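# A look at the structure
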Amino acid sequence: SYIAKFLLKYLKYSLFDRKVDVAMIQAGAVRASADYEPGDFILGDLFKEFAFDLPIGVVDVPGSIIAESVHNTRIAAKPAPQFLHLDEDCEVAIDDDGKHVVTQLNGAPIIPDKIYRVATWNNTLNGVNDIEPLLSYVRSKNIVPDDEVCLGAKELIVKYCMKDAWRHLFELEGHDLEITVEDATQAVENTFEKIDEDGNGLVDVGELCKYIKKEGGNGPSIGLMRRARSSILAIKMMEVVDFDRDGMVSSKDLNEFV
């Protein structure tokens, strides 16, 4: 579904540092039952679509295993909770025999024997709905992560969107691959002093909230928090970058984050 592809796009973006090639999730983990009017997809919508905890595991899997697993999950009678959705950089076609054929992964033609880094619901890797041959492969390689080391899908997506909000504030456009260290450093320097109202070299949530109100009305024009009040947006933005939890961030913190 479109909503699944949309959410998986952000999940994949959020795991850029893990070099994820493919994000996929089975239908039973996404509600995808609501019809959305044109406009904003907000935080509440995310929590409705991912209505329970979804620890995300990252594993390395051959293209052939992905392709066969996708086909096997899509030929079952509906409703099919095991139906595997892929992110928007992947393409699946249906051939003359009715087989669901993965033609593209990570924006390029699939290479069956290539190893792709896949992000998916960790419960899938632990056997929910018995998705084969994926399940047999990860078990044979003993590569299923422990839930304790897996971050939740909602947490990952919200963190990515808050990074997007900071970038918008600094007028940095593009995703991780498109933003250089030099661009980020210059952008932070250009804006940080304007946010740092008392000039102490640190920004707190109050200063950030005032700047958002002054520069952007209700805040940066970013997906999940587009309609949020500036105070809520400022709190969420601070949460993801205030690593030592002292209520303040420096330009160095922001350089490393964005």
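Look above for the structure.
Residues numbered from 1 in each chain as written. Predicted model: local features only at pLDDT ≥ 70, side-chain atom pairs only at ≥ 80, totals over all residues. Heavy atoms only, no water.

Here the structure, examined in full by the defined rule, presents five salt bridges. In this structure, Asp-60 and Arg-117 form a salt bridge, with 2.8 Å as the shortest nitrogen-oxygen distance. Residue Asp-60 is found in strand β2 (residues 56-62), and its partner Arg-117 is found in strand β7 (residues 115-121); the two are separated by 57 residues along the sequence. Ionic pairing is found between Lys-210 and Glu-197, a salt bridge with its closest N-O pair at 3.3 Å. Taken together, the residues Lys-210 in helix α8 (residues 205-216) and Glu-197 in the loop between α7 (181-195) and β8 (203-204) connect sequence positions 13 residues apart. (Salt bridge = Lys/Arg side-chain N within 4 Å of Asp/Glu carboxyl O. Helix = DSSP H or I, 4+ residues; strand = E, 2+ residues; numbered from the N terminus.)

Moving on to the sheet that holds β2. The sheet built from four strands is open, its strands ordered β2-β7-β1-β3 with mixed pairing. Two strands in the sheet have a free side with no partner beyond their single neighbour: β2 and β3 (84-86). Geometrically, the sheet is characterised by an average inter-axis angle of 30° between neighbouring strands, direction not taken into account. Pairing analysis gives seven bridges linking β2 to β7, with the strands arranged antiparallel. (Pairing = 2+ DSSP bridges. Axes fitted to C-alpha atoms, helices over the stretch in contact; angles between N-to-C directions.)

Between Glu-132 and the following residue, Pro-133, the backbone shows a cis peptide bond with an omega angle of 5°. Looking at the element boundaries, Pro-133 is found in the loop between α4 (122-125) and α5 (134-141). The phi dihedral of Asp-130 is positive, around 50°, even though this residue is not glycine. Structurally, Asp-130 is set in the loop between α4 and α5.

Once that is clear, we can look at α5. For α5, the set of buried residues is Leu-134, Leu-135, Tyr-137 and Val-138. On an axial view of α5, the arc spanned by its buried residues comes to 165°, and they lie on one face. Seen from the open side of α5, the exposed residues pointing more than 90 degrees away from its buried face are Arg-139 and Ser-140. Just downstream of α5, Asn-142 is the residue with a positive phi angle, here 55°. (Buried < 20%, exposed > 50% of the residue type's maximum accessible area, 1.4 Å probe, protein only. Arc of directions from axis to C-beta.)

This brings us to the nonpolar core. Of all hydrophobic cores here, the largest spans 52 residues; its most connected members are Leu-11, Phe-50, Trp-166, Phe-170, Leu-208 and Met-237. The leading source of residues in this core is helix α6 (residues 153-169), at ten residues. Apart from residues lying up to four places away in sequence, Trp-166 is in contact with Leu-208, Met-237, Met-238, Val-240, Val-241, Val-249, Leu-254, Phe-257 and Val-258. Of all hydrophobic cores here, the second largest spans 21 residues; its members include Val-61, Ile-66, Val-70 and Val-118. (Core = buried A, V, L, I, M, F, W, Y, C linked by side-chain atoms within 4.5 Å. Contact = heavy atoms within 4.5 Å.)

With respect to the helices and strands, Glu-49 occurs in helix α2 (residues 43-49). Considered as a pair, Glu-49 and Lys-154 are 105 residues apart in the sequence and their alpha carbons are 9.7 Å apart.

Time to look at the pairing of strand β1 (residues 22-26). Regular strands place side chains that alternate from one sheet face to the opposite one. Burial analysis of β1 places five of its five residues in the buried class, which makes it a mostly covered element. The two faces of β1 match: Val-22, Met-24 and Gln-26 on one face and Ala-23 and Ile-25 on the other face are all buried. As judged from the two bridges shared by β1 and β7, these two strands associate in the parallel manner. Its bridge partner being in β7, Ala-23 is matched across the sheet by Ala-119. Examined bridge by bridge, β1 and β3 share three bridges and lie antiparallel to one another. Paired with Met-24 across the two strands is Leu-86, which belongs to β3.

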